[in-house]
Amino acid sequence: MIKNDPAATPVRTGIVGLSVRSGWALHSHLPALTRLPGYDLRALAASTPESARAAGEKYGVPHTYGSAAELAADPAVDLVVVSVRVPLHREVILAALGAGKHVLSEWPLGNGLAEAEELADAAARAGVRTFAGLQARSAPAVRHIRDLVADGFVGEVLSTSLVASGRRWGATFEPGGGYLLDRRNGGTMLTIPFGHTVDALTMVLGEFTEVSATTTTRRPIVREEGSGRAATMTVDDQIAVSGRLVSGAVASVHFRGGLSRGTDFHWEINGTDGDLVVTGDHGHLQQARLRVRGARGGTDTALAELPVPERYFDVPELDGLRGEAAYNVGVQYADVLRDLREGTAVVPDFAHAARRQRLLDAVERAAATGTRVTL
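Quick caveat: nothing in here was measured; it's all calculated off a predicted structure.

### Concerning the side chain of Arg356
Turning to its location among the elements, Arg356 is positioned in helix H9 (residues 350-369). For Arg356, the side chain forms a polar contact with the side chain of Thr202, separated by 3.0 Å. With residues near it in sequence (within four places) discarded, Arg356 still touches Trp107, Val198, Asp199, Thr202 and Glu207.

Written as C-alpha cells, this is what we have:
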C-alpha cells in the first residue's frame, strides 16, 4: 500500500490507449492526471510503437510501448489505466493483473457479464487494488443529491423516474464511431450511458431487487455524419426499465437514442415529504451538466434551486476543469489516490463492476423473455 505521506512516492501511472489524435484518454485522463499531485505519468501504450512514441513526445511521457503487455511489465509502473475500446479490455486487464499492477479500467469492465465476472475473479486472485471508471458517482451534483436524500429532504422515497437521451445511437453516427453500432462490441447505449446513470441512481437510492424491461432497435439503418454513408445498427436505441429498489420504492428509467427536442435528461425523486428534480443536457450522467431543484413540506409547492454547495468541489487542483468531462474523472483519481494510500474503498472496484453488469444482464434477460427478473 502507498503510504499517506506528503513525501510519499507518487503513483507511477501508465495509460493504455493515449493517442495524439483523439479519444477519451486524451480529453479526460490526461488533463486530470497532469493537474493532480501524487501521480507521475510514466508510460503509455498505443496501437503501434510509432504512434506510442509520437504521443510520448507530445505529452512528455518517458516510456512508450506498442503493446499493453510491455507497459504492464514495466517496473516503473504502479497503476495501469485501461482506456481502449471495450473488446480489448480483457486482454489489457489480464496483462496488468498478471504483472501484479493496480488497475483502473474504464466502464464497462468487460464485453458482457461473463468477461466482467472473469476479470473480477482474476483481480481477487491477483490481490491488487482495482478501480472501475464509474465516475458519475464522483460528480458533485450526484453526491449532493445522495446527501439530500440521506438527510431526509424528500422523506421516505416512494418512487423515482428518469428519462434521458443517449446522445449517440440516434439517426447519425460520428466518423470512427461505427463500432458502437454493433452490440457484439459491448459499447452500447445500455452499457455506457444507461450503465453510468443507473450506477449513480443506485448510489443515491439503493440497488434494484427486480426489473422488467422493453428494449428495441427503432433505427436499424443510420448514417455517418458528413459522408451520409449508411450503416446497420444492432444496438438497442430504446430501453425502458421498471423495477423495485431495495427500499421498496418503484423505479422507472427510459433511455432514447440520439437527442430530443424536448427533454434530454430529467430525473425525479418523489417522497413522502418532498420532491427532487434533476435536469441536464444529455443522458451521459458521468459528463452531463446538471441542475438540481426541490421542494418539501405541505406549503412549499414550487421547486426551488438547490445549488451544489462549494464543499462538494473538494479537489481544488481541478477547479480549471469545472464544467468539463474531465472533472469527474479527476475527482475519481483523487479518490483512487486516497484508496491506495489510506486503504479506503471509495472508488468502486471490479467486484462492484461485475455486480453492475449483472444488473444490465438482468435488463437484457427481462427484455428478451418478457418476464420480471429478480436480482
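What follows continues from the structure just given.
### A closer look at the side chain of His284
With respect to the element layout, His284 can be found in the loop between strand E15 (274-280) and strand E16 (290-296). Looking at His284, its side chain comes within polar contact range of the main-chain oxygen of Gly166, at 2.9 Å. In this structure His284 touches Gly166, Arg167, Trp169, Ile192 and Pro193, once residues within four positions along its chain are discounted.

### Considerations on the packing of helix H6 (residues 140-150) against helix H7 (residues 190-205)
Look at H6 against H7: their axes get within 8 Å of each other, and the N-to-C directions meet at 30 degrees. By the criterion of interaxial angle, the relationship of H6 to H7 is roughly parallel. Facing Val142, Ile145, Arg146 and Val149 of H6, the residues of H7 in contact are Ala200, Met203, Val204 and Leu205. Partitioning the contact of H6 with H7 into residue classes produces seven nonpolar, no polar and one charged.

### Some remarks on the pairing of strand E4 (residues 79-82)
Residues of E4 alternate between two faces, with Leu79 and Val81 on one and Val80 and Val82 on the opposite face, all of them buried. Relative to strand E5 (residues 102-106), E4 runs parallel, the two being bridged by four bridges. Each bridged residue has a counterpart across the sheet, and for Val80 the counterpart in E5 is Val103. Running through helix H4 (residues 89-98), the crossover from E4 to the neighbouring parallel element E5 is right-handed.

### Quick notes on the sheet that holds E4
Two pairing modes exist for strands in a sheet, parallel and antiparallel, and in both the strands are linked by backbone hydrogen bonds. Read from one edge to the other, the open sheet built from six strands follows the order E3-E2-E1-E4-E5-E6, with strand pairing classed as parallel. The open sheet terminates on both sides in strands that have one partner only, identified here as strand E3 (63-65) and strand E6 (130-133). Neighbour-to-neighbour, the strand axes of this sheet turn through a mean angle of 20 degrees, independent of strand direction. Pairing of strand E1 (residues 11-16) with strand E2 (residues 39-45), which is carried by six bridges, proceeds in the parallel orientation. Bridge pairing in E2 places Val11 opposite Tyr39.

### A short note on the pattern of salt bridges
One pass over the structure, following the stated rule, counts 22 salt bridges. It is possible to trace a salt-bridge network through shared partners that takes in Arg137, Asp199, Glu207 and Arg356.

### Here's the deal with unusual backbone geometry
Each neighbour pair has its own omega, and for Trp107 with Pro108 the value is 0 degrees, a cis peptide bond. Examined against the element boundaries, Pro108 turns out to sit in the loop between E5 and helix H5 (113-126). Of note in this structure, Arg167 is not a glycine but carries a positive phi near 70 degrees. Within the secondary structure layout, Arg167 lies in the loop between strand E7 (157-165) and strand E8 (172-173). Judged by relative accessible area, Arg167 falls into the partly exposed class, the value being 34%. Here Trp169, not a glycine, exhibits a phi torsion of approximately 65 degrees, which is positive.

### Digging into the sheet that holds E7
Read from one edge of the open sheet, nine strands run E17-E16-E15-E14-E7-E13-E12-E9-E18, paired in mixed fashion. The open sheet is flanked by strand E17 (304-305) and strand E18 (373-374), the only strands paired with a single partner. When strand E9 (residues 208-216) meets strand E12 (residues 238-245), the two strands line up antiparallel, connected through eight bridges. The residue bridging Val211 from the neighbouring strand is Gly243, located in E12.

About the criteria used
As a convention, each chain's residues are numbered from 1 in the sequence order in which they are written. Confidence filtering applies because this is a predicted model: local features only for residues at pLDDT of at least 70, side-chain atom pairs given and counted only at 80 or more, and all residues used for totals across whole chains, interfaces and linings. Side-chain calculation: all heavy atoms of the structure are included, whereas hydrogens and water are not. The helix and strand labels rest on DSSP assignments: H or I over at least four residues marks a helix, E over at least two residues marks a strand, and numbering proceeds from the N terminus. Counting of polar contacts relies on pairs of N or O atoms within 3.5 Å, with two restrictions inside protein: one atom must be capable of donating a hydrogen and the other of accepting it, and residues adjacent in sequence are counted only when both atoms are side-chain atoms. Contact criterion: two residues are considered in contact whenever any of their non-hydrogen atoms come within 4.5 Å of each other. Fitted lines through C-alpha atoms give the axes, limited to the stretch in contact for helices. The angle between two N-to-C directions lies from 0 to 180 degrees. Orientation categories follow fixed angle ranges, with anything under 35 degrees roughly parallel, anything over 145 roughly antiparallel, 65 to 115 roughly perpendicular, and all other angles oblique. For this classification, the nonpolar set comprises Ala, Val, Leu, Ile, Met, Phe, Trp, Tyr, Cys and Pro, the charged set comprises Asp, Glu, Lys and Arg, and every other residue, Gly included, is treated as polar. Relative accessibility thresholds used throughout: buried, under 20% of the residue-type maximum; exposed, over 50%; partly exposed, between the two (1.4 Å probe, protein chains only). The pairing criterion is simple: DSSP has to find at least two bridges between the two strands. Think of it like this: strands point away, you trace from the first strand over the helix to the second, and a clockwise trace means the crossover is right-handed. Salt bridge, as used here, is a side-chain nitrogen of Lys or Arg placed within 4 Å of a carboxyl oxygen of Asp or Glu.

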